[in-house]
Amino acid sequence: MEILLIDDEAMVRDSLTEMLELEGFRVRAFADPRRALAELSPGREAVLLTDVRMPGLDGLELLQRVQARDRELPVILMSGHGDIPMAIQAMKEGAYDFLEKPLQPEALLERLHSAMAQRRLSLQPQSQPEGEDPLARTLLGQSAPMQRLREQIRVLAAAQVDTLIYGETGTGKDVSARALHDAGPRRDKRFVAINCGAMPEHLLESELFGHEAGAFTGAQRRHIGKIEVAHGGTLFLDEIESMPLAAQIRLLRVLQERTIERVGGTDPIPVRITVIAASKADLAELSEQGRFRADLYYRLNVACLHLPPLRERKEDLAELFRFHARQAADKYQRPLPDLRPSQLARLEQYDWPGNVRELRNVAERFVLGVAGEGLNLDQPEPTADGDADFEQQLEGYERRLIMDSLRRHQGQINKAAEHLNLTRKTLYRKMKKYQLDKWDYRG
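Residues numbered from 1 in each chain as written. Predicted model: local features only at pLDDT ≥ 70, side-chain atom pairs only at ≥ 80, totals over all residues. Heavy atoms only, no water.

J.: Now, about the nonpolar core: what can you tell me, with residues and values included?
T.: Residues Ile227, Leu237, Ile240 and Met243 are the most contacted members of the largest nonpolar core, which totals 55 residues. The dominant element in this core, judged by the number of residues it contributes, is helix α10 (residues 245-257), at 5 residues. Dropping the residues within four chain positions of it, Leu237 is found in contact with Ile194, Cys196, Leu208, Met243, Leu251, Val275, Ile276, Ala277 and Ala278. By size, the runner-up hydrophobic cluster in this structure holds 21 residues, among which are Leu320, Leu347, Leu359 and Val367. (Core = buried A, V, L, I, M, F, W, Y, C linked by side-chain atoms within 4.5 Å. Buried < 20%, exposed > 50% of the residue type's maximum accessible area, 1.4 Å probe, protein only. Helix = DSSP H or I, 4+ residues; strand = E, 2+ residues; numbered from the N terminus. Contact = heavy atoms within 4.5 Å.)

Written as structure tokens, this is what we have:
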């Protein structure tokens, strides 16, 4: 995935290229939008980041030409104050987002990561084998709690109701919110996310509702808020338990009336949105303590999802670990190491306080072969006279035999079973026991 950067100012182009490359992005920079268009081909793994006003080609015309070639390519506009009306019109016509100059690095990186995630999703094949659950590609796991979660998401997404998501740190509240959006009728509209806990209190209201020029000291320009930007789509409020009480009052009015007023403004602006809020704290308990408005809690709690912590679905551990290890191997261009029986046992014995986020970090350290805080899988395995009991050693030996046979026969079950002098049924049963997948050994 790469960033196609278009700006006619060399200083802006060079500084943005340097910053984005330091953040790990691949950047192709252009001074002339026509040259960028000449290289643009449908299905390219890219996001377009472009200035609005450039000699000979404005943002609206550029957007139209891009969409004529690839309608799904995310286009993020950079605009000065005088170009905001044009940028808003471009967003109505399908631009992914716009950022006002001078750019804030954190906001730019957030938009780029979000746009890249949408681009990857749009490039995935839309057809799937009969009976396959498309949600299972993003909400991994075959445990009963995960199957129940996917079914709830299908129902709530179709109904387009405001939803409250509860979950411990790292359980995937943001992934579940995105799944709610992508599974519903508004999947082609905007998904706008804001982390209430990461935003300073004095900026949160302006970020959510926008403000008019002169609304407060330093407000020299009109600013379009996240709620207004999300019109027609989904607004995701993460860590809503951190939202200040003053902002909660204004949000309640939005939920009740589906209109907003910018800070410093008086004209109501209608918005059509689905609101998804996420919290790691019990909002009912916080409302009893006076730390969260009870009326807002009841208004948000039309529907509720509880995300299971990893310790309650350990049967999904091997699949999740294998997925994140493969991603890490691709990301860092490293070979994928084999997971030894003792390492699998450590995964299953660990309590995972950081849940899937922690599992992903452990998988990355496993692929890189480095140590870190928490669980490390590169510790020496127990030996015959060490800590492992007889049953553990025996199962580890059996698992290694099966892995070696699958590797030798490239995942062909008939040949591996014959080599091990087992029936196909017995081999499949043992592979399920040791969380082995024949497709890991193909080719």
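J.: Report on the side chain of Arg13, specifying residues and quantitative values.
T.: When you line up the elements, Arg13 lands in helix α1 (residues 10-22). Buried and unpaired, Arg13 has Asp14 as its nearest opposite-charge partner, separated by 4.9 Å. Apart from the residues lying within four places of it in its own chain, the contact partners of Arg13 are Leu5, Asp7, Asp8, Ala29, Phe30 and Ala31. (Lys, Arg positive; Asp, Glu negative; His and termini not counted. Salt bridge = Lys/Arg side-chain N within 4 Å of Asp/Glu carboxyl O.)

J.: Quick one: what's the story with the pattern of salt bridges, residue by residue and with numbers?
T.: Summed over all chains, the structure comprises 29 salt bridges. For Asp97, the salt bridge identified is with Arg111, shortest N-O distance 2.8 Å. On the criterion of sequence distance, the pair formed by Asp97 in strand β7 (residues 97-100) and Arg111 in helix α5 (residues 105-123) is long-range, its members being 14 residues apart. Measuring nitrogen to oxygen at the nearest pair gives 2.7 Å for the salt bridge that ties Lys430 to Glu398. Here the residue Lys430 occupies a position in helix α18 (residues 424-433), and Glu398 occupies one in helix α16 (residues 390-408), the gap between them amounting to 32 residues. Given the relative accessible area of 24%, Glu398 is considered partly exposed. Because the salt bridges share partners, they merge into one network encompassing Glu212, Arg222, Glu228 and Arg262.

J.: How would you sum up the packing of aromatic side chains? Please name residues and give values.
T.: By the definition in use, this model includes 4 aromatic pairs. Arranged with centres 4.9 Å apart and planes meeting at 55°, the rings of Tyr297 and Tyr298 form a pair that is tilted. On the basis of relative accessible area, Tyr297 is assigned to the buried category, the value being 11%. Residue placement shows Arg190 over the ring face of Tyr96; its charged tip is 5.7 Å from the ring centre. The ring of Phe209 carries Arg250 above its face, with NZ or CZ at 4.4 Å from the centroid. (Phe/Tyr/Trp six-rings, centres within 6.5 Å; stacked < 30°, edge-to-face > 60°. Lys NZ or Arg CZ within 6 Å of the ring centre and 35° of its normal.)

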